[in-house]
Amino acid sequence: MASITTDPGKQRSIQRVTSEDGFFNICAMDHQRVLKSMLSNDPDSVEFSDIVQLKDTVVRAVAPEVSGVLTDARYGAAFVVATGALPRNVGSVVEVGDEGYDIPPGPRKSRLRSKWSMKQIKLLGADVAKFLWFFRPDVNPEVAEHQRTVLRELVKESEKYSLPLIVEPIWYPLPGEDASSQEWKDRRIDGIVESAIEADKLGADLLKLEFPGYLGSPEGDRRAVEACQAIDAAVTAPWLILSAGVGFEEFAQQMEIAAKAGSSGYMAGRSVWMDAVTTHDEADRAEKFAAIRGRLSKLNEITRTHGKSVATHEKLDEVLGRLPEFWYESWHPDNDIS
């Protein structure tokens, strides 16, 4: 069983985003500009309210099967609470960074959303913050150190507000690199493992990871299993895998490999709901939305059967042993929260 923080504020947040049996069954709906392209061949014609409505619809569809939902500040976080689309028994995960699409070529720096912060996420009542963290330390030491510094600062904010932080390391191709070559794929697998280890050392509470491998051949399958096992052996934080928009059946295969290696759940988005969103036939859309819960139920079963649950509670004797009678006097005193 994976260990979890002993900070009482973070503990409560983790309890709210995990299932009763201690898994992270989370649907990702933090997508933004890309949704406009899904809704229309003319993305500029898509209104703000169209995106808000779509997110509301998807969240209502997935809520019965998930322990948490990931949304963004602009189109999702406040709306799904205010409308009741996000039920009281489903946890709220909110993106702290800016969206990661349409980034110029070259070494990438993750962006924090302007006029948005960890403090605001906490005040919103969200349970967990998520940060998209590009990391290619092999190409530009200055950019790599910038990325480490940004993450260190967010970890400090996470501690300050007792707000758990999920870090999503992303390994990406640079100009001149052939992402279809075996050499690059091998390096990416190693990079995903290395980035997970780095984020863990820098203080992430949870890790949302790309699947470290390419399935479809005995060698590819073997390498993926080994990479997942390497991650689990090296990190202390619970780790989940993201779906990255692959087909659902492929993602389910990835899930089983990761779960058997020690992952504690998933944060799945487009692989679960994309075909329901992109169809413009109302009858077809209704049928595909109905299938979404079945997909999530299958992922939940894979996680429950093979994954590593997290300990969201402690025995009373353990808590008494580490919390003195007046523990609250030194836990986030008023003058430390600003």
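Residues numbered from 1 in each chain as written. Predicted model: local features only at pLDDT ≥ 70, side-chain atom pairs only at ≥ 80, totals over all residues. Heavy atoms only, no water.

1. Focus: the pattern of salt bridges
The test is simple: Salt bridges, as used here, are contacts in which a Lys or Arg side-chain nitrogen is within 4 Å of a carboxyl oxygen on Asp or Glu. The numbering of helices and of strands both runs from the N terminus, where a helix is a DSSP run of H or I of at least 4 residues and a strand a run of E of at least 2. For every residue, the accessible area obtained with a 1.4 Å probe (protein chains only) is divided by the maximum for its type, and the residue is called buried under 20%, exposed over 50%, and partly exposed between those limits.
Taken as a whole and judged by the stated rule, the model has 31 salt bridges. A salt bridge links Glu-168 to Lys-130; the nearest nitrogen and oxygen atoms lie 2.5 Å apart. Of this pair, Glu-168 sits in strand β5 (residues 165–170) while Lys-130 sits in strand β4 (residues 128–134), placing them 38 residues apart in sequence. Assigned by exposure class, Glu-168 and Lys-130 land together as buried. The network of salt bridges with common partners includes Asp-30, Glu-95, Lys-130, Glu-168 and Lys-208.

2. Description of helix α9 (residues 248–261)
The condition is simple: What a helix is expected to span follows from its residue count: subtract one and scale by 1.5 Å.
Under the 1.5 Å per step criterion, the end-to-end length of α9 is 20 Å for 14 residues, consistent within 8% with the ideal 20 Å. Positive phi shows up at Gly-262, right after α9, with a value of about 130 degrees.

3. A look at the side chain of Ser-158
What counts, and what does not: Polar contact is the term for a pair of N or O atoms within 3.5 Å; when the atoms are in protein, one must be able to donate a hydrogen and the other to accept it, and sequence-neighboring residues count only if both atoms are side-chain atoms. Any two residues whose heavy atoms approach within 4.5 Å are treated as being in contact.
The topology assignment puts Ser-158 in helix α6 (residues 141–160). Here the side chain of Ser-158 touches Leu-163 through a polar contact of 2.6 Å, landing on its backbone oxygen. Side chain to side chain, Ser-158 and Asp-205 meet in a polar contact 3.2 Å long. With residues up to four places along the chain from it excluded, the contact list for Ser-158 reads Lys-10, Met-118, Leu-163, Pro-164, Leu-165 and Asp-205.

4. So, the side chain of His-332
Position of His-332 among the secondary structure elements: in the segment after α12 (316–322). At 2.8 Å, the side chain of His-332 and the side chain of Ser-162 are in polar contact.

5. Section: helix α7 (residues 182–201)
Taking 1.5 Å of rise per residue, the 20 residues of α7 would be expected to cover 28 Å, and the 29 Å separating its terminal C-alpha atoms lies within 8% of that figure. Where α7 is buried, its residues touch β4, α6, β5, β6 (206–209) and α8 (218–234). In the stretch just after α7, Gly-203 is the one whose phi turns positive, near 110 degrees.

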